[in-house]
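Overview (structure and organization)
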Amino acid sequence: MSVPVVNLGGQYNHLICRMLTELGVESELLSPDLTLQDLREKGAIGLVLGGSPKSMPEDLISLGNLQSIIHDIKIPVLGICLGHQFLGVSFGGVVQRALRPEFGPARVYVDAEDDILEGMGRSFVAWLSHNDELVRLPDELEALAHSRNCRIQAVKHRARPIYGVQFHPEVVHTRGGDQVFRNFLKVCRGRRPRSGSLPYS
Amino acid sequence: MQDFEAKAFVKGQVDEIRKVLGKERALIACSGGVDSTTCAVLTHRAIGRELVCVFIDTGFMRLGEPERVVKMLGSGPLSLPIRLVDMRKEFLEALAGLEDAEEKRKAFRGAFYDAFREIARKEGCRFLVQGTIAPDWIETKGGIKTQHNVLEQIGISAVEKYGFKLIEPLAYLYKDQVREVARYLKVPSAISERQPFPGPGLSVRVVGTVTEEKLGMLKKASQVVEEELERLAPEQYFAVVMEDADEKRETLDKLQSIASRALGVSERRVKARVLKGRATGVKGDIRAYGRVCALTALDEDGSLHKPSLDTLTSAQVKLVSGVPGLTRVIYRTSEEERRGSLLVVVRAIRTRDFMTADPAEVGWSVLSKVSKRILGACPPVSSVYYDVTSKPPATIEFE
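Residues numbered from 1 in each chain as written. Chains lettered and ligands numbered in written order. Predicted model: local features only at pLDDT ≥ 70, side-chain atom pairs only at ≥ 80, totals over all residues.

1. Things to note about the overall build of chain A
Of regular secondary structure, chain A possesses five helices and nine strands. The order of α-helices and β-strands along chain A, N terminus first, is β-α-β-α-β-α-β-α-β-β-β-β-β-α. At 15 Å, chain A has a C-alpha radius of gyration in line with the 17 Å of a compact globule built from 201 residues. Every one of the 201 residues in chain A was classed for burial, and the buried ones make up 49%. Of the contacts made within chain A by residues no fewer than 6 positions apart, 73% connect residues no fewer than 24 positions apart. (Helix = DSSP H or I, 4+ residues; strand = E, 2+ residues; numbered from the N terminus. Rg over C-alpha atoms; globule rule 2.2 N^0.38 Å. Buried ≥ 20, exposed ≤ 12 C-beta atoms within 10 Å, placed from the backbone. Contact = placed C-beta atoms within 7 Å.)

Following this line, the structure appears as structure tokens:
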């Protein structure tokens, strides 16, 4: 069982692998040029998209194959920081320069815990490092959490097991960050997402 | 949680090192820190007497450090074949006049590998082992800051440029994992639990141009900070020296008003300065070489206002978020503010893997004592500050 991480160049991508390995699944960094065939061959049960110094949508072109596979992928996907912004943009949302960028600690308020934020409580302290943020979501995505300076801290796809978080659950300073990965792994291991219709089963 | 397996790791690396080196001799660069010492013990286990350990005295070490390290590594339980090479003059010359943090780090790297090229040639070694760990190459490759011990990962061929091949057994480990390996290898706790010390040493704790005067002051201040903070055991704690000079800024009013609101102190009793020296930070995975905001707030009676660390860190978050170009916020801890050309910043942090960190809770009584002692020991120092910035947006070291 493996949950690879697409390395988009961020500082913490290797920490995501470390966290997943500690939670008992295999994990490795993959280049954004990956194909669905690669994922099948690796026996991937989920995919994580890491953070990056890149900016959306200008750098979409540099994300290789990701753009095309994201619409066909059947296994669960978790986007973190830029990965989260990428998911937003891919489904038709808008990313902009943050008016008040967040670096270090911020309190994240959970509006709907869904699968991915289950057990995180009504709010928690997360660590962030972003100059841009998602400001508008397409109909397919739903916001799950916000902070004082950023309206969209977490999203889920309404019909598919696709999730995004702006904060970094992989860094130890995010309280209970490992819970986000436990939740994601539960979905990867086949628990039915709460949303119902399941094109991936 | 599945634990990292030190035993399996050591066995795998010992086999690998033997396979790569065969019967060849190898050099290893030792600093006395946990990474290079662990790496030396590991390699020594693999090839025994074919290992030559070299400690370079760069002149940027703390008081008494070169002698202490050579003794610790060369005798007692470790008994590694260590030799000391004095390069103080060469390193000071290599950095002379450089102000920019990255230029300083690259000049240090150049002097470091030039030294090893010479030693390798004399010793007839074709291999250099080094204790590079994951955050080193992640930060260097990501363009956050140049670590002195990273070459291949950024496309510099060690063989072509310096004439030796590199072996980096710890390249995929984080600090806490290295410490586990160190404990497993029975490295004395004075080293296995020792706080990190950067390769370029005190040269990156003198912000801007390095001079002998600044280095001298920094050595004294470092000793005070280590003595007073040791029992609190933050993962890293040290002193930094900066020139006591202001950068002219139009945002001062804005800084002052954000700080006043965050600290709950009226604006006329808050002083916000933007210092001339720049400090390294990381914002959204991008290197940010920015400004340092030095804050002071006074109580009604004119004495120093002493807020809690929570209040100070939340002021820092608001300042950095609201004022572009700022990477760090420091708060005055010395009651006194006298005339002087330099100021000292105390930095102490809590972290597991050094990828993220927050300022350590030191307490005002310790901060006041540290500040008094530093002012007593260092006449050119005007005042002492505490760094209240997390990582991100600051890095742990200033440069």
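2. Notes on helix H1 (residues 13–22) of chain A
Within H1 of chain A, eight of the ten residues are buried, which leaves the element mostly enclosed by the surrounding structure. Turning to H1 of chain A, the residues buried within the fold contact strand E1 (5–6), strand E2 (29–30), strand E3 (47–49), strand E4 (77–80) and helix H5 (177–188) of chain A together with helix H6 (134–141) of chain B. Just past H1 of chain A, the residue Gly-24 of chain A takes up positive phi, approximately 95°.

3. Description of the sheet that holds E4 of chain A
All names here are of chain A. Taken in spatial order, the nine strands of this open sheet run E2-E1-E3-E4-E9-E8-E7-E5-E6, and their pairing is mixed. Strands at the two margins of the open sheet, each flanked by one partner only, are E2 and strand E6 (123–136). Relative to E2, E1 runs parallel, the two being bridged by two bridges. Among the inter-strand pairings, Val-5 is bridged to a residue of E2, identified as Leu-29. (Pairing = 2+ DSSP bridges.)

4. Here we look at the packing of helix H4 (residues 88–95) of chain B against helix H5 (residues 101–123) of chain B
In a pair of packed helices, the angle between the axes and the distance between the axes together describe the arrangement. Residues and elements named next belong to chain B. Where H4 contacts H5, the two axes come as close as 9 Å, and the packing angle between them is 145°. Relative to H5, the crossing made by H4 is right-handed. Contact residues: H4 offers Glu-90, Phe-91, Ala-94 and Leu-95, while H5 offers Lys-104, Ala-107, Phe-108, Gly-110 and Ala-111. Residues of the contact of H4 with H5, tallied by class, amount to six nonpolar, one polar and two charged. (Axes fitted to C-alpha atoms, helices over the stretch in contact; angles between N-to-C directions. Left-handed = near helix turned anticlockwise from the far one by under 90°. Nonpolar A, V, L, I, M, F, W, Y, C, P; charged D, E, K, R; others polar.)

5. Here we look at the pairing of strand E1 (residues 26–29) of chain B
If a strand is regular, its side chains alternate between the two faces of the sheet. Residue and element names in this part refer to chain B. Burial of E1 is two-sided: the residues Ala-26 and Ile-28 facing one way and the residues Leu-27 and Ala-29 facing the other way are all buried. As defined by bridge partners, E1 adjoins strand E2 (residues 51–57) across four bridges and the pair is classed as parallel. Across the sheet, Ala-29 pairs through a bridge with Val-54, a residue of E2. Following the backbone out of E1, through helix H2 (residues 34–47) and into the adjacent parallel E2, one traces a crossover that is right-handed. (Right-handed = clockwise from strand over helix to strand, strands pointing away.)

6. Some details on the sheet that holds strand E4 (residues 127–129) of chain B
Residue and element names in this part refer to chain B. Pairing is parallel across the open sheet formed by five strands, whose spatial order is E3-E2-E1-E4-E5. On the outer flanks of this sheet lie strand E3 (82–86) and strand E5 (165–167), each paired with one strand and no other. Averaged over all neighbouring strand pairs, the angle between strand axes comes to 30°, with direction disregarded. Relative to E5, E4 runs parallel, the two being bridged by three bridges. Bridge pairing in E5 places Phe-127 opposite Lys-165. Here H2 sits on the sheet and contacts E1, E2 and E4; the angle it forms with E1, its principal contact strand, is near 160°.

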